[in-house]
Amino acid sequence: MRYAKRGPLRFTSHRDFARAFERALRRAGVPMAYSQGFTPHPKISYASAAPTGVASEAEYLEIGLREAVDPAALRGALDAALSPGLDVLDAVVATGGSLADRIEASHWRIELPEVDAAVLQKAVAAFSAADEVLVERMTKQGRRTFDARAAVIAVDVITPAETPSGVPAVPCAILELVVRQVTPAVRPDDVLSGLRVVADLEPPVSPRVTRLAQGTLTAQDAIADPLEADRDGATIDGH
């Protein structure tokens, strides 16, 4: 399944979404399959969930069922059972292979209010020209230093016709990224940290981040829909 986190619901943590989704499964009467053992859990697997506070049009999960159901009817029932802003967009019957294996990269859009596009362009040029951009982030294993540059496949600056707030007098630059899935994961805030390292770019207003797509990489470094193979019976190989 593909689902979206929109508007204020982008602040829903992954744990809170998981609880809401399990409640939606029960309300929708979905014939879930459960794990074995003393505390059975519904068979749900999430693929590369977006960080809290980040909007997304391309979150993915897979569920195990006791019996076959119509994907379109299942999508509609679950979407109706979830709060507006947590929206189930697509569902297919899996034909084999792991969903996680089909997530190789993500496409992100970062809106930067009060940042001039020309200033952002200079920072992006410095970032792109660097062989390595080391940034720090606190992880579950403690503070780590890693390269934010190597995972970035493409980075572009877009100047919108108007600002997202609808106030043309306020500049707003937009950064679009395609980032390869690596360990540790390179997130949009890591790339912004990298821009601060190479060009001292410090956005005065908190950025608004949206994941637009995630999936396998084609030979042209485009991102292919990870559910497409299940729709047409093809084999996803990223090329």
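Position numbers for residues count from 1 along each chain, tracking the sequence in the order it is written. Given that the model is predicted, a residue must reach a pLDDT of at least 70 before its local features are reported, and side-chain atom pairs must reach 80 or more before they are shown or counted; all residues, however, enter totals for whole chains, interfaces and linings. Water and hydrogen atoms were dropped before computing side-chain values, which therefore reflect all heavy atoms in the structure.

**With respect to helix 1 (residues 14–27)**
Note on helix geometry: an α-helix contains 3.6 residues per turn, so any two residues three or four positions apart are oriented the same way.
Okay, step 1: In a regular helix each residue adds 1.5 Å, so 14 residues correspond to 20 Å; helix 1 covers 20 Å between its end C-alpha atoms and thus fits that length.
Okay, step 2: The buried label applies to any residue whose accessible area, calculated with a 1.4 Å probe on protein chains only, is under 20% of its type's maximum; exposed applies above 50%, and partly exposed to all values in between. Elements are defined by DSSP. Helices are runs of H or I of four residues or more, strands are runs of E of two residues or more, and each kind is numbered from the N terminus. Listing the buried residues of helix 1 in full gives Phe17, Ala18, Ala20, Phe21, Ala24 and Leu25. Buried residues of helix 1, seen end-on, are gathered within an arc of 165° and therefore sit on one face of the element. Exposed side of helix 1, more than 90 degrees from the buried face: Arg15, Arg26 and Arg27 are the residues found there.
Okay, step 3: The contact definition used throughout considers only heavy atoms, calling two residues in contact when any of these lie within 4.5 Å. On its buried face, helix 1 is in contact with strand 1 (2–5), strand 2 (44–47), strand 3 (55–63), helix 2 (71–81) and strand 4 (86–90).
Okay, step 4: Just downstream of helix 1, glycine 29 is the residue with a positive phi angle, here 65°. The span one expects for a helix is its residue count, reduced by one, times 1.5 Å. This arc corresponds to the set of directions leading from the helix axis out to the C-beta atoms.

**Here's the deal with the environment of alanine 49**
Okay, step 1: With respect to the helices and strands, the residue alanine 49 is situated in the loop between strand 2 and strand 3.
Okay, step 2: Residue classification places alanine 49 among the partly exposed residues on the basis of a relative accessible area of 34%.
Okay, step 3: Through-space distance from the C-alpha of alanine 49 to that of proline 113 is 25 Å; in sequence the pair is 64 residues apart.
Okay, step 4: Ignoring anything within four residues of it in the chain, the contact list for alanine 49 reads His14, Glu59 and Arg211.

**Focus on the pattern of salt bridges**
Okay, step 1: We define a salt bridge as a contact between a side-chain nitrogen of Lys or Arg and a carboxyl oxygen of Asp or Glu at a distance within 4 Å. For the structure shown, the criterion picks out 11 salt bridges.
Okay, step 2: The salt bridge involving aspartate 87 is made with arginine 6; its shortest N-O contact spans 3.0 Å. With aspartate 87 in strand 4 and arginine 6 in the loop between strand 1 and helix 1, the pair connects residues that are 81 residues apart, well separated along the chain.
Okay, step 3: In this structure, glutamate 136 engages arginine 143 in a salt bridge whose closest nitrogen and oxygen atoms are separated by 3.7 Å.
Okay, step 4: Its relative accessible area of 52% is what places arginine 143 among the exposed residues.
Okay, step 5: When salt bridges with common partners are traced through the structure, they connect Arg6, Glu57 and Asp87 into a single cluster.

**Details of the environment of leucine 9**
Okay, step 1: Within the fold, leucine 9 resides in the loop between strand 1 and helix 1.
Okay, step 2: Each residue touching leucine 9, except ones within four places of it in the same chain, is listed here: Pro84, Gly85 and Leu86.

These figures capture arrangement, not role.
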